[in-house]
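# Examination of the molecular architecture
Each chain, written out:
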Amino acid sequence: MYLLDTLFSKTPSKSSDSMTKPIYLDYAATTPMAQQAVEAMLHCLTLEGEFANPASLQHGFGERAEKIVEQARFQIAQILNCKANDLVFTSGATESNNLAIKGMALSHQKRGKHIVTSASEHKSVLDTCKYLESQGFTVSFLRPDAQGVFSLQDVLQALTDETILVSLMHVNNETGVIQELETIAQALQERGIFFHVDAAQSAGKLPIDLSKTPIDLLSLSAHKFYGAKGVGCLYVRNRKKTALAPLLHGGGQEFGLRPGTLPTHQIVAMAIAFKIAHQRMAADFQHCQRLEQILIAQLHQLDGVCFNGNPQQKLPNILNVSFENVGADALIIALRDEVAIASGSACNTGAMEASHVLRAMGIEGDRLYGAVRMSFGRYTTEAEIIQAGQRICAEVTRLRQLALE
Ligand code: PMP
């Protein structure tokens with residue numbers, strides 16, 4: 001066990017120097033921060049910078065802190081093409097999803113108690129919906145097709161006169177599959193049904209234009225686009241009409257929707273990271289495409305390899321692969337010190353249970369239990385991908401041979 005202060009002391013640790021650096025292929029769980037975002041963050045922590053409480057408007061320290069929080073809000077809003085005051089800062093996408101779904105359910109239950117979502121959502125949506133079921137709501141969990149996609153028809157068929165909200169993710173965190181939102185959003189708007197989108201995996205990677213797509217609620221998380229962990233936001237279109245009920249009560253910050261002292265440092269870093277992600281969107285996308293091609297070509301050297309999720313409709317930074325006759329947990333453990341990969345969502349680890357996303361796609365047996373997620377990003381190099389691919393192929397071969405002995 002480390003003591004935190006020894007961890008941060010300037011003396012280099014001997015053991016880590018002599019070891020080869022492990023390769024990080026778990027960007028979908030979280031990304032390292034962009035250096036500029038770190039620097040902005042540091043500026044907001046100490047007496048010399050904007051450390052003050054942004055709600056302390058009786059003095060200049062607070063005023064300056066408030067000013068940069070509002071600049072950050074404005075900058076994020078510009079990229080999403082929405083009004084700055086439609087953004088509510090939260091602790092991340094889990095909280096944004098909870099606020100959107102429970103907040104909507106609480107305030108609109110007189111109109112109806114039916115919610116539509118999908119069986120392949122993130123746990124923060126699934127468990128929130130299951131909680132609402134225990135409170136008397138009815139939830140329809142749509143099943144994606146075998147490639148992880150929903151059609152407009154799937155959504156429309158699930159609607160009833162009681163439906164108040166549809167909640168779907170933009171990009172799946174386990175497969176990278178992109179859900180087309182435009183036509184679904186239009187159809188729901190025509191029917192007066194609110195639409196929530198969990199954009200944790202797509203923000204900063206795919207364009208989202210809220211002036212064109214009629215999404216009512218959109219969840220973002222900074223640590224998926226090179227910002228800090230512990231901050232995100234919820235876009236709320238037309239606060240009066242949406243009339244979300246807050247989950248927390250207190251100081252009245254964030255239009256009364258999310259009280260609590262704002263973490264200036266995290267918010268400012270989030271805005272910087274989001275801007276960089278937006279500016280580099282095409283470059284980062286192409287970089288990941290190139291890495292994905294290399295990795296796919298390498299893995300194809302093995303027999304019994306199966307890629308999960310629609311290859312024509314996915315982000316290139318996430319690759320979900322099943323290896324015949326190799327359990328995901330055995331492979332992940334075997335590679336542990338060299339290549340960091342995951343089985344599905346980080347929020348499920350510890351349990352190492354089979355992926356609910358793949359299950360919802362109808363994937364079973366070996367293909368289900370052998371599925372691993374490799375995800376990479378801006379700082380992953382081609383050399384790392386090649387090395388990781390070689391290590392993965394070697395381990396898969398070794399584990400298969402072991403199974404035969
Ligand atoms: N939704 C999706 C699609 C995610 O990938 C994640 C992170 N695994 C979350 C929600 C939760 O985000 P956060 O860690 O910011 O709470």
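Residues numbered from 1 in each chain as written. Predicted model: local features only at pLDDT ≥ 70, side-chain atom pairs only at ≥ 80, totals over all residues. Heavy atoms only, no water.

## A few points about the overall build of the chain
Test applied: Each helix is a run of DSSP H or I of at least 4 residues and each strand a run of E of at least 2, with the numbering of both proceeding from the N terminus. Summary of the burial criterion: residues with accessible area below 20% of their type's maximum are buried, those above 50% are exposed, and those between are partly exposed, where the area comes from a 1.4 Å probe applied to protein chains only. Between two residues, a contact is recorded if the distance between any of their heavy atoms is within 4.5 Å. Only four residue types enter the charge count: Lys and Arg as positive, Asp and Glu as negative, with His and the chain ends excluded. The location of each charge is read from NZ of Lys, CZ of Arg, CG of Asp or CD of Glu.
A tally of regular secondary structure across the chain gives 15 helices and 12 strands. When burial is assessed residue by residue, the chain has 54% of its 405 residues classed as buried. Taking all contacts inside the chain whose residues are at least 6 apart in sequence as the whole, residues at least 24 apart take part in 74%. Side-chain charges in the chain split into 36 positive and 40 negative, and the spacing between the mean points of these groups amounts to 4 Å.

## Structural notes on the pattern of salt bridges
Keep this limit in mind: The term salt bridge refers to a pairing of a side-chain nitrogen on Lys or Arg with a carboxyl oxygen on Asp or Glu at a separation within 4 Å.
Enumeration over the complete set of coordinates arrives at 14 salt bridges. The partner of Arg-258 in a salt bridge is Glu-95, and the shortest N-O contact between them spans 2.7 Å. On the criterion of sequence distance, the pair formed by Arg-258 in the loop between helix H9 (239-242) and helix H10 (264-279) and Glu-95 in helix H5 (residues 93-108) is long-range, its members being 163 residues apart. Each of the two residues, Arg-258 as well as Glu-95, counts as buried. Glu-382 is paired through a salt bridge with Arg-290; the nearest N and O atoms lie 3.2 Å apart. One end of the pair, Glu-382, is in helix H15 (residues 382-404); the other, Arg-290, is in helix H11 (residues 281-299), and 92 residues separate them in sequence. Owing to a relative accessible area of 35%, Glu-382 belongs among the partly exposed residues under this scheme. A network of salt bridges, in which partner residues are shared, links Glu-338, Arg-391, Glu-395 and Arg-398.

## Some remarks on the nonpolar core
Let me state the cut-off plainly: Put simply, a nonpolar core is a bunch of buried Ala, Val, Leu, Ile, Met, Phe, Trp, Tyr and Cys residues held in one set by side-chain atoms that sit within 4.5 Å of each other.
Counting 52 residues, the largest nonpolar core has Ile-76, Leu-80, Val-166, Phe-195, Leu-218 and Leu-220 as the members making the most contacts within it. Here this core gets eight residues from one element, more than from any other, and that element is H10. Formed by 28 residues, the second largest nonpolar core is a distinct cluster that contains Leu-302, Val-321, Cys-393 and Leu-399.

## Here's the deal with the packing of aromatic side chains
Cut-off, in case you're wondering: Pairing of aromatic side chains requires ring centres within 6.5 Å, counting the rings of Phe and Tyr and the six-membered ring of Trp. Pairs whose planes differ by under 30 degrees are stacked, by over 60 edge-to-face, and all others tilted. A ring is considered to have a charge above it if a Lys NZ or an Arg CZ atom is located within 6 Å of its centre and within 35 degrees of its normal.
Enumeration according to the criterion identifies five aromatic pairs in this entry. With centroids separated by 5.3 Å and ring planes inclined at 55°, the aromatic side chains of Tyr-24 and Tyr-27 adopt a geometry described as tilted. With relative accessibility at 7%, the residue Tyr-27 sits in the buried group. Over the ring of Phe-61 we find Arg-64; its NZ or CZ atom is 5.3 Å from the centre of that ring.

## Some details on the site of the ligand
To keep it simple, the criterion reads: Throughout, the term near means that a residue has one or more heavy atoms lying within 4 Å of the molecule or strand in question. Polar contact criterion, stated in full: a pair of N or O atoms within 3.5 Å, where within protein one must be able to donate a hydrogen and the other to accept it, and residues adjacent in sequence count only if both atoms are side-chain atoms. With residues, only the protein chains shown are counted as cover, and all accessible areas are computed by Shrake-Rupley using a 1.4 Å probe. Gly is put with the polar residues, along with every residue not named as nonpolar or charged; the nonpolar set is Ala, Val, Leu, Ile, Met, Phe, Trp, Tyr, Cys and Pro, and the charged set is Asp, Glu, Lys and Arg.
Every one of the 14 residues lining the ligand counts as a neighbour, but Thr-94, Asp-198, Gln-201, Ser-221 and Lys-224 are closest to it. A distance of 2.6 Å separates a nitrogen atom of the ligand from a polar atom in the side chain of Asp-198. The contact in question runs from an oxygen atom of the ligand to an N or O atom on the side chain of His-223, over 2.8 Å. For the ligand, the accessible surface in isolation is 400 Å², of which the surrounding protein chains cover 89%. Looking at side-chain class alone, the shell around the ligand contains three nonpolar, nine polar and two charged residues.

## Topic: the packing of helix H4 (residues 60-80) against H10
Our working rule: Only the stretch in contact is used when a helix axis is fitted, and all axes are lines through C-alpha atoms; the angle between N-to-C directions ranges over 0 to 180 degrees. An angle below 35 degrees is read as roughly parallel, one above 145 as roughly antiparallel, one from 65 to 115 as roughly perpendicular, and any other as oblique. Note on convention: the crossing is left-handed when the near helix lies turned anticlockwise from the far helix by less than a right angle, right-handed when the turn is clockwise.
Two numbers describe how H4 lies on H10: the axes approach to 9 Å, and their chain directions differ by 30°. Considering the angle they form, H4 stands roughly parallel to H10. Crossing hand, H4 versus H10: left-handed. For the pair H4 and H10, the contacting residues are Ala-65, Ile-68, Val-69, Ala-72, Gln-75, Ile-76, Ile-79 and Leu-80 in the first and Thr-264, Ile-267, Val-268, Met-270, Ala-271, Ile-272, Phe-274, Lys-275 and His-278 in the second.

## Re the side chain of Glu-95
Judged by relative accessible area, Glu-95 falls into the buried class, the value being 15%. At 2.6 Å, the side chain of Glu-95 forms a polar contact with the side chain of Ser-91. Contacts of Glu-95, omitting those with residues within four sequence positions, involve Thr-90 and Arg-258.

Everything listed here is a matter of coordinates, which is why it stays silent on function.
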